[in-house]
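Analysis of the macromolecular model
Given next are the chains, with one letter for each unit.
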Amino acid sequence: MKSFLGLVFSWRTLGTSLRLFTLCLVLFCVSSFFSFWFFFPAEVLQQRLVQEMSRETGIPMRGDHATMLMPLGMKFDLTIYPDQSGIAPLNIEQLRLTPMWTSLLTLNQAVHVNGTLAQGDVSARLWRNGNINVSLQDVALLELQEQDLPYRLKGSLKLLLQGEELLVQGAQGEGRFNVDISDILLSGLERIGLPTDVPMGLLQLNGHFSGSRVIVEQLVATGGVIELSGGGTLLVGATPEQTRLNLNVRLHPTRQTPDNIRDLLMLTGVRPGPDGSYSLQIGGTAARPVMR
């Protein structure tokens, strides 16, 4: 009997020891993970990440205020310096990079990116194979432009873009886009004899692209001083001077159209149609468009 009781108590002691050992091991792993994550050199990782993005895109960038996110991710402020005249540095605040957990079990891993830009929201999903989905919501266009521009565009931007192989170097990416700009206001037009601020209402633009060729399937502006519709193609170059235009646009004056805008339309030399609209073909480059 004594030997049996000793055996029972020895097994109980062993079970208690195993549970204690298991608990200590779990606590050690958890504390090690938190310690590693807390003391991880986030600034070094941010610097390397920003350098890599800048190298791949050819656009200067700077990162600030890096911190690690739990359980896995990173947060920092990103400033992008586009090499385009008239565009101000783009400040994306509270940029968060986190993995898409379901993709980690596949060969096509993906990362989710979200932050704030010009009072709006930025969200994107980037896949290893170069595919990308981008969403912009309620971005203030005025904050994206340099302050000293003679002509400025105010409005709230919404953008949806889906692309394939856009992040693959040397590949001819393709995809689709949808753009809505609401509450449009053109400023600075008094230089050409128009009102100081010209409201254009809502602009809707959608189409697709392949490589440097952009097909504008639909371009519509409603609710402003003049209605607009059209479409066409663009051959996008590295600069506005190298970007070729081939657009067909129909302008239709409304009751809200000021007389000086009607006079400007007559100066184009285009005869109005039976409904009073003007059909224009826009060619040339983005830097110097030609209307005929």
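Higher on the page you've got the structure.
Residues numbered from 1 in each chain as written. Predicted model: local features only at pLDDT ≥ 70, side-chain atom pairs only at ≥ 80, totals over all residues. Heavy atoms only, no water.

Structural notes on the overall build of the protein
Looking only at helices and strands, one finds 3 helices and 14 strands in the protein. Put simply, of all contacts in the protein between residues at least 6 apart along the chain, 39% involve residues at least 24 apart. For the protein, the exposed surface amounts to about 18500 Å²; the carbon and sulfur share of it is 61%. (Helix = DSSP H or I, 4+ residues; strand = E, 2+ residues; numbered from the N terminus. Contact = heavy atoms within 4.5 Å. Areas by Shrake-Rupley, 256 points an atom, 1.4 Å probe, with all protein chains shown as cover.)

Description of the pattern of salt bridges
Counted under the stated rule, the structure contains 4 salt bridges. Where R176 meets E217, a salt bridge forms, and the shortest distance between an N and an O atom there is 3.0 Å. Taken together, the residues R176 in strand β8 (residues 174–187) and E217 in strand β10 (residues 213–223) connect sequence positions 41 residues apart. (Salt bridge = Lys/Arg side-chain N within 4 Å of Asp/Glu carboxyl O.)

Re the pairing of strand β1 (residues 61–69)
Where β1 lies against strand β2 (residues 73–80), 7 bridges are found, and the strand directions are antiparallel. Note that in β2 the partner of M68 across the bridge is M74. (Pairing = 2+ DSSP bridges.)

With respect to the nonpolar core
Core analysis: the largest hydrophobic core is formed by 54 residues, its most contacted members being F76, L78 and L117. Among residues more than four places away in sequence, those in contact with L78 are V50, M53, M61, R62, L90, N91, I92 and L95. (Core = buried A, V, L, I, M, F, W, Y, C linked by side-chain atoms within 4.5 Å. Buried < 20%, exposed > 50% of the residue type's maximum accessible area, 1.4 Å probe, protein only.)

Side note on a nonpolar patch on the surface
A cluster of nonpolar side chains, Y151, I192, L264 and L267, forms an exposed patch at the surface whose accessible area comes to about 410 Å². With respect to the helices and strands, the residue I192 is situated in the loop between β8 and β9 (197–210). Given a relative accessible area of 47%, I192 falls into the partly exposed group. (Patch = residues over 30% accessible without salt bridge, like charges linked within 9 Å, V, L, I, M, F, W, Y side chains within 5 Å.)

Examining helix α2 (residues 42–57)
Under the 1.5 Å per step criterion, the end-to-end length of α2 is 22 Å for 16 residues, consistent within 8% with the ideal 22 Å. What α2 keeps buried is the set A42, Q46, V50 and S54. Burial along α2 is one-sided: seen end-on, the buried residues are contained in an arc of 95°. More than 90 degrees from the buried face of α2, the exposed residues found are V44, R48 and R55. Among the structural elements, β1 and β2 are those in contact with the buried residues of α2. (Expected span 1.5 Å × (residues − 1). Arc of directions from axis to C-beta.)

Details of the packing of aromatic side chains
Taken as a whole and assessed by the stated rule, the structure comprises 1 aromatic pair. Ring centres 6.5 Å apart and planes at 25° place the aromatic pair F177 and F209 in the stacked group. Within this pair, whereas F177 is found in strand β8, its partner F209 is found in strand β9, the two being separated by 32 residues in sequence. Take F177: its relative accessible area is 9%, and that puts it in the buried class. (Phe/Tyr/Trp six-rings, centres within 6.5 Å; stacked < 30°, edge-to-face > 60°.)

Some points on the side chain of R152
Along the chain, R152 falls in strand β7 (residues 152–164). D148 provides the closest opposite charge to the buried, salt-bridge-free R152, at an N-O distance of 7.6 Å. In this structure the side chain of R152 is engaged in a polar contact, spanning 3.5 Å, whose partner is the backbone oxygen of L142. A distance of 3.4 Å separates a polar atom in the side chain of R152 from a polar atom in the side chain of Q147. Those residues within four positions of R152 in sequence are excluded, and the remaining contacts are L142, Q145, E146, Q147, L185, L186 and S187. (Lys, Arg positive; Asp, Glu negative; His and termini not counted. Polar contact = N/O pair within 3.5 Å; in protein donor to acceptor, adjacent residues only side chain to side chain.)

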